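Working through the structure, step by step
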Amino acid sequence: MKSGVLGLAIAAAVSAAAATAAPAGPAAPATVAQERHQLAALIGKLDRTPLDKADAGLQRLIAAPPFAQLAPEEQFVAIYMAGAVKLQLNDAAAALPLLTRASASPQADGGV
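Please read these numbers as outputs of a predicted model, since none were measured by experiment.

Right, let's get into the layout of surface pockets. Vacant regions in the atomic arrangement are exposed by a probe of water-molecule size rolled over the atoms. Computed from the structure, the largest pocket encloses a volume of approximately 190 Å³. Residue lining of the largest pocket: Glu35, Gln38, Ala41, Leu42, Lys45, Thr49, Lys53, Ala54, Gly57, Arg60, Leu61 and Ala64, and that is the complete set. Per element, the largest residue contribution to the lining of the largest pocket is five residues, and it comes from helix α3 (residues 51-63). For the lining of the largest pocket, the residue count by class is five nonpolar, three polar and four charged.

This is the structure we're talking about:
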């Protein structure tokens, strides 16, 4: 994925969401903070990361229990980017449920 401008815009959205989002639920704040840090790091270097490694990192992030504690904006970015990476890897079958999930999010209408 060679869209540096998109990566910068998404990284800015993740940073803004992280600055305003208060973690909720039983996850330890440090764990949620680590999840946010991982997401920002993945998105920030997405255009310089091999697609298979970006895919693996995003899939691990989404599958981790603290993911549910991230702000909706952060979840949207991770799910959308995971779907986009799957498309870049020519795995439309895996991309479809991710992009469908992202599209159903209120953030899909520009709420990021």
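Next up on the list: helix α4 (residues 72-88). Spanning 17 residues, α4 covers 24 Å between terminal C-alpha atoms, matching the ideal 24 Å at 1.5 Å per step. Among the 17 residues of α4, 12 are classified as buried, and the element is accordingly described as predominantly covered. The complete set of buried residues in α4 reads Glu74, Gln75, Phe76, Val77, Ala78, Ile79, Met81, Ala82, Gly83, Ala84, Val85 and Lys86.

Further remarks concern the packing of aromatic side chains. Overall, the coordinates contain one aromatic pair when judged by the stated rule. Centre to centre, the rings of phenylalanine 76 and tyrosine 80 are 6.0 Å apart; their planes meet at 20 degrees, and the pair counts as stacked. Of the two residues, phenylalanine 76 and tyrosine 80 are both situated in helix α4; the distance of four residues between them amounts to about one turn of the helix. Of the residues examined, tyrosine 80 reaches a relative accessible area of 35% and is grouped as partly exposed.

Time to look at the pattern of salt bridges. If you walk through the whole model with that rule in mind, you get three salt bridges. The shortest N-O distance in the salt bridge between aspartate 47 and arginine 48 comes to 3.5 Å.

This paragraph deals with the side chain of lysine 86. Residue position: lysine 86 is located in helix α4. The class for lysine 86 is buried, based on a relative accessible area of 13%. Of note is the side chain of lysine 86, whose polar atom sits 3.0 Å from the side chain of aspartate 55. Apart from the residues within four sequence positions on either side, lysine 86 is in contact with Asp55, Gln59, Asp91, Ala94, Ala95 and Leu98.

Taken N-terminus to C-terminus, the directions of α4 and helix α5 (residues 92-103) make an angle of 155 degrees; their axes are 8 Å apart at the nearest point. What the angle tells us is that α4 and α5 run roughly antiparallel. Considering the relative orientation of α4 and α5, their crossing is left-handed. Packed against α4, whose contacting residues are Phe76, Ile79, Tyr80, Ala82, Gly83, Ala84, Lys86 and Leu87, the element α5 presents Ala92, Ala94, Ala95, Leu98, Leu99, Arg101 and Ala102 at the interface. Counted by class, the contact of α4 with α5 contains 12 nonpolar, one polar and two charged residues.

Reading the values: rules and limits
Residues numbered from 1 in each chain as written. Predicted model: local features only at pLDDT ≥ 70, side-chain atom pairs only at ≥ 80, totals over all residues. Heavy atoms only, no water. 1 Å grid on protein atoms, 1.4 Å probe; cavity = no way out; pocket = protein on both sides within 12 Å on 5 of 7 lines; lining within 4 Å. Points joined across faces, edges and corners; volume = space filled by probe spheres on them. Helix = DSSP H or I, 4+ residues; strand = E, 2+ residues; numbered from the N terminus. Nonpolar A, V, L, I, M, F, W, Y, C, P; charged D, E, K, R; others polar. Expected span 1.5 Å × (residues − 1). Buried < 20%, exposed > 50% of the residue type's maximum accessible area, 1.4 Å probe, protein only. Phe/Tyr/Trp six-rings, centres within 6.5 Å; stacked < 30°, edge-to-face > 60°. Salt bridge = Lys/Arg side-chain N within 4 Å of Asp/Glu carboxyl O. Polar contact = N/O pair within 3.5 Å; in protein donor to acceptor, adjacent residues only side chain to side chain. Contact = heavy atoms within 4.5 Å. Axes fitted to C-alpha atoms, helices over the stretch in contact; angles between N-to-C directions. Parallel < 35°, antiparallel > 145°, perpendicular 65-115°, else oblique. Left-handed = near helix turned anticlockwise from the far one by under 90°.

Nothing here speaks to function; it is geometry throughout.
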